[in-house]
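# Structure assessment
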Amino acid sequence: MKDSRNEILQISLTITLCMLVGRVLSLESSVYLALFPTILMTKAKDHSWIGLYNTFKPAFLAAVAALIVTESFQDHPFIIWTISLFFIDMMRRKADNPAKLGQMIMPLFNWILIVVFAQTSDMDMPDRIREIFISMVITALIARAMVALFPKWRDKPKIMATKLSLPAAQQVSYQHRFVSLALIGTGLAILMNIDLISATFCMVPVIAAASQFSRKMYAEVVSRRFITQIGGCALAVIFSVLMAGHQGVLLYYAAVLGALVFAITKLMVTSNVSSRDIHADALLATVLPIQLYLDSSHLGLESTFSRAWELTVTLGILYAAFRLTQYRVFSHQDN
């Protein structure tokens with residue numbers, strides 16, 4: 001019971017404090033202070049300094065590499081897209097078990113963000129890299145502080161058990177790689193050619209679905225994301241309505257945000273293993289639009305509704321692709 005309570009406090013306080021820091025610092029890309037702590041605290045198992053370094057290093061290196069590519073070939077988007085396909089394929093080849101599939105999301109998404117923003121916005125991309133680094137440092141410091149303040153006494157045995165019972169590697173076939181390239185590559189190509197930056201965050205469920213090993217898991221991921229992603233936007237709308245007229249009051253914002261994150265986190269920690277992932281996805285889907293669109297002068301309701309619609313369309317396309325496919329393209333073992 002004590003471990004569960006401390007885990008709830010670790011997760012909820014880390015996410016809330018990071019989002020508050022992003023709001024106070026007024027970073028141009030403060031969304032990273034919702035994205036990084038949520039993924040770190042709900043997906044990563046090792047919150048030691050070495051674990052944090054190993055979690056953030058691939059994501060930061062991917063962003064730097066994407067910046068180098070976009071700056072080197074800024075007048076040749078097709079070359080940028082082609083190199084991106086090689087990067088997507090490399091990441092998919094390495095992800096041969098569920099743990100590595102989860103670890104590939106942050107680096108791949110960072111690459112896509114840099115490429116899309118470099119093509120469709122006037123943002124200073126080196127500044128964005130600096131903000132990514134700053135956000136990672138802030139997230140690491142706050143996460144370590146919360147882990148130290150609210151320790152889980154079974155953390156070390158759990159980490160050791162995880163290392164001893166790593167999931168068996170699965171063969172990443174050409175079909176797996178083709179599906180990932182087709183779905184993620186097509187999504188990237190569309191985003192590079194239309195001025196719809198807000199839709200970039202729809203690539204997270206695309207990456208999650210396209211990297212599954214079987215059609216059954218693909219369908220489950222898409223179906224689950226319909227619930228969590230749209231439900232998260234609905235919770236963000238409710239949060240914005242509660243903020244109406246008071247969004248500039250930092251203490252009120254912190255109290256309501258903390259209560260919301262705590263409630264979802266408690267449901268996640270106290271649920272069974274299968275439901276835990278659902279609540280983790282819902283938590284991320286809730287905090288992203290809050291951090292993206294709500295500020296001291298705007299509630300961001302229109303943008304949140306637009307995000308919900310973009311996610312509905314994206315997930316609808318993914319589901320249609322599943323229904324229209326009449327042969328097995330993900331795995332020879334479709335349970």
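See above for the structure.
This report concerns the structure included in the present document. Because the structure is a prediction, the values reported are computed rather than measured.

## Re the overall build of the protein chain
A tally of helices and strands in the protein chain yields 13 helices and 0 strands. Against the compact-globule benchmark of 20 Å for 335 residues, the protein chain has a radius of gyration of 19 Å, which places it among compact chains. Put simply, the protein chain has 335 residues, and 50% of those count as buried. Counting contacts in the protein chain only where the partners sit at least 6 residues apart, residues at least 24 apart contribute 80% of the total.

## Some points on the layout of surface pockets
Volume-wise, the second largest pocket comes out at about 440 Å³. What lines the second largest pocket is a set of 18 residues, among which Gly187, Ile190, Val206, Thr314 and Ile317 lie closest to the centre. Residue assignment for the lining of the second largest pocket shows that the elements contributing at least two residues are helix 8 (174–193), helix 9 (203–210) and helix 13 (301–324). Across the lining of the second largest pocket, the residue classes break down as 14 nonpolar, 3 polar and 1 charged.

## Examining the side chain of Thr228
Tracing the backbone through its elements, the reader meets Thr228 in helix 10 (residues 215–243). Overall, the relative accessible area of 2% leaves Thr228 in the buried class. Setting aside residues no more than four positions away along its own chain, Thr228 makes contact with Ile278, Asp281, Ala282 and Ala285.

## So, the environment of Ile132
Mapped onto the fold, Ile132 is located in helix 6 (residues 125–149). Considering only alpha carbons, one finds Ile132 and Leu250, 118 residues apart in sequence, at a separation of 24 Å. Ignoring anything within four residues of it in the chain, the contact list for Ile132 reads Tyr32, Phe36, Phe60, Ala63, Asn110 and Ile114.

Criteria and cut-off values
Residues numbered from 1 in each chain as written. Predicted model: local features only at pLDDT ≥ 70, side-chain atom pairs only at ≥ 80, totals over all residues. Heavy atoms only, no water. Helix = DSSP H or I, 4+ residues; strand = E, 2+ residues; numbered from the N terminus. Rg over C-alpha atoms; globule rule 2.2 N^0.38 Å. Buried < 20%, exposed > 50% of the residue type's maximum accessible area, 1.4 Å probe, protein only. Contact = heavy atoms within 4.5 Å. 1 Å grid on protein atoms, 1.4 Å probe; cavity = no way out; pocket = protein on both sides within 12 Å on 5 of 7 lines; lining within 4 Å. Points joined across faces, edges and corners; volume = space filled by probe spheres on them. Nonpolar A, V, L, I, M, F, W, Y, C, P; charged D, E, K, R; others polar.

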